[in-house]
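Survey of secondary and tertiary structure
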Amino acid sequence: MYLILLGPPGTGKGTQAKRIAERLGLLHIATGDMFREAVQQDSELGRLAKSYMDRGELVPDEVTIAMVEERIDQPDAREGAIFDGYPRTLEQARALDEALRRRDKAVDIALHVTASDDVIVRRLSGRWLCDGCGEIYHEQHRPPKQESKCDGCDGQLKQRADDKPAVVRERLRHQRPSVELLAHYRDRDDLVDIDGEGDIDAVTRDLLAAIEKIKATVR
Ligand code: AMP
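Anyway, here's the lowdown on the structure attached to this text. Sequence positions are assigned chain by chain, starting from 1 and proceeding in written order. The model is predicted, so local features are restricted to residues of pLDDT at least 70 and side-chain atom pairs to those at 80 or more, both for listing and for counting; the totals for chains, interfaces and linings are taken over all residues. Values shown for side chains rest on all heavy atoms present in the structure; no hydrogens or waters enter the calculation.

A word on the side chain of Asp-84
Just so we agree on the cut-off: Helical segments are the DSSP runs of H or I of at least four residues, strand segments are the runs of E of at least two, and each set is numbered from the N terminus. Only protein chains enter the calculation, and the probe is 1.4 Å; a residue is then buried if its accessible area is under 20% of its type maximum, exposed if over 50%, and partly exposed in between. Think of it this way: Lys and Arg go in the positive column, Asp and Glu in the negative one, and His and the chain ends go nowhere. A carboxyl oxygen of Asp or Glu within 4 Å of a side-chain nitrogen of Lys or Arg is what we treat as a salt bridge. Note on contacts: a residue pair is in contact if any heavy atoms of the two residues lie within 4.5 Å.
Note on placement: Asp-84 falls in strand β3 (residues 81-84). Nearest to the buried, unbridged Asp-84 among oppositely charged side chains is Lys-13, at 5.1 Å. In contact with Asp-84, other than residues within four places in its own chain, are Leu-5, Lys-13, Gly-14, Ala-17, His-28, Ile-29, Ala-30 and Thr-31.

And the structure:
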């Protein structure tokens, strides 16, 4: 199965994608994580991506599309994947359709997680990430046992540079899924809206229920 998680930043897509990937045994492809890794490695891709990420803007399509195509060519992506943060533009959506079609595959479902701006700004400005294992914490909803330390690997918790309120507002301006992107999936009945304002477990339950429904029709 190839699943897509769509939605503005801060709707818990990353957390949900990890849970679903684990539950369904799917590969998790998160373009934001891939760019952050490239930035950490200080590769050519990382240096280019950073200049956009720091401003809360999207990395250009041709760069992002090439990176994802390379990733889905790896053997571990052959049976399916859950895409998190990709596609974010109509161009990327079309490229993904085409790349999967060449491999005799297709997107099975696009899950659109929704939330209001107020909820998003509150969530993102309280979010902390482990620099060791990538685990996500939140000041209110999921505080670590020990301040600034990861419960799992003892790594240091850091706030993402682009989770600062001014950048969050920019990200929201640039990164709400466009009407065209949503229509791309809605027009062919592949889009399911999921309310992302509930608690994490409720959202996971709704996402899994939507996926199960699709699985039944695919079989
Ligand atoms: P995320 O972790 O998904 O919020 O992504 C962090 C940043 O990486 C975004 O603000 C963009 O600058 C960049 N990025 C991630 N995914 C994409 C994408 N599909 N297209 C363009 N830029 C992206």
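Some remarks on empty space enclosed by the protein
The condition is simple: Of the two site types, the cavity is a set of points on a 1 Å grid over the protein atoms alone where a 1.4 Å probe fits but cannot get out, and the pocket is an open set with protein on both sides within 12 Å along at least five of seven lines, each lined by residues with an atom within 4 Å of a point. Grid points are joined across faces, edges and corners, and a volume is the space filled by probe spheres set on the points.
Inspection of the entire model under this criterion finds one cavity of 30 Å³ or more. If you add up the space inside the largest cavity, you get close to 70 Å³. Around the largest cavity sit Leu-5, Leu-6, Gly-7, Lys-13, Gly-85, Tyr-86, Pro-87, Arg-88, Gln-175, Arg-176, Pro-177 and Leu-181, which together line it.

Things to note about the packing of helix α2 (residues 31-41) against helix α4 (residues 61-72)
Formally: Axis angles are defined between N-to-C directions and span 0 to 180 degrees, where every axis is a line fitted to C-alpha atoms and, for a helix, only to the segment in contact. Working definition: roughly parallel below 35 degrees, roughly antiparallel above 145 degrees, roughly perpendicular at 65 to 115 degrees, and oblique for all remaining angles.
At a closest axis distance of 11 Å, the pairing of α2 and α4 adopts a crossing angle of 100 degrees. When the axis of α2 is compared with that of α4, the two are roughly perpendicular. Packed against α2, whose contacting residues are Thr-31, Met-34 and Phe-35, the element α4 presents Thr-64, Met-67, Val-68 and Arg-71 at the interface.

Examining the sheet that holds strand β2 (residues 27-30)
Through backbone hydrogen bonds, the strands of a sheet pair up, either in parallel or in antiparallel fashion. So the rule is basically this: DSSP-based pairing: two strands are paired if at least 2 bridges between them are found.
Taken together, five strands build an open sheet; the order of strands is β2-β3-β1-β4-β8 and the sheet is parallel. Looking at the sheet topology across the chains shown, the edges are occupied by β2 and β8 (191-195). Shown here is a sheet whose adjacent strand axes are inclined to one another by a mean of 20 degrees, direction ignored.

Some remarks on the layout of surface pockets
Over the atoms rolls a probe the size of a water molecule, and its path tells where empty space is left. The volume enclosed by the second largest pocket comes to roughly 180 Å³. Around the second largest pocket, the lining residues are Met-34, Glu-37, Ala-38, Gln-41, Leu-45, Met-67, Glu-70, Arg-71 and Gln-74. Elements that contribute at least two residues to the lining of the second largest pocket include exactly α2 and α4. With four residues, α2 is the largest single contributor of residues to the lining of the second largest pocket.

Describing the pairing of strand β5 (residues 127-130)
Bridging between β5 and strand β6 (residues 136-138) involves three bridges; their strand directions are antiparallel. Looking across to β6, one finds that Leu-129 is bridged to Ile-136. Count of turn residues in the β5/β6 antiparallel hairpin: five residues, of which Gly-134 carries a positive phi of about 85 degrees. Both β5 and strand β7 (residues 157-158) contribute to a ladder of two bridges, which runs antiparallel.

Considering the sheet that holds β5
Ordered by their spatial adjacency, three strands build an open sheet running β6-β5-β7, and the pairing between neighbours is antiparallel. For this open sheet the edge positions go to β6 and β7, each flanked by a neighbour on one side alone.

As for the side chain of Arg-127
Threshold: The term polar contact refers here to a pair of N or O atoms within 3.5 Å; inside protein, the definition further demands a hydrogen-donor-capable atom paired with an acceptor-capable atom, and it admits residues adjacent in sequence only when both atoms are side-chain atoms.
Inspection of the secondary structure assignment puts Arg-127 in strand β5. At a separation of 3.0 Å, a polar atom in the side chain of Arg-127 contacts the side chain of Asp-163. Those residues in contact with Arg-127 that sit more than four places away from it in its chain are Ile-136, Tyr-137, His-138, Gln-159, Arg-160, Asp-163 and Arg-171.

Some words on the packing of aromatic side chains
Convention followed: Aromatic pairing here means that ring centres of Phe, Tyr or Trp (its six-membered ring) are within 6.5 Å. Orientation follows from the plane angle: under 30 degrees is stacked, over 60 is edge-to-face, and everything else is tilted. Cation placement over rings: the criterion is NZ of Lys or CZ of Arg within 6 Å of the ring centroid and within 35° of the ring normal.
The final tally for this structure, using the stated rule, is one aromatic pair. When the centroid spacing of 6.2 Å and the interplanar angle of 45 degrees are considered together, the rings of Phe-83 and Tyr-86 count as tilted. The exposure classification of Phe-83 matches that of Tyr-86, with both residues buried. Over the aromatic face of Tyr-52 sits the side chain of Arg-55, whose NZ or CZ is 5.4 Å from the ring centroid. A cation over an aromatic ring shows up here: Arg-142 above the ring of Tyr-137, its NZ or CZ 4.7 Å from the ring centre.

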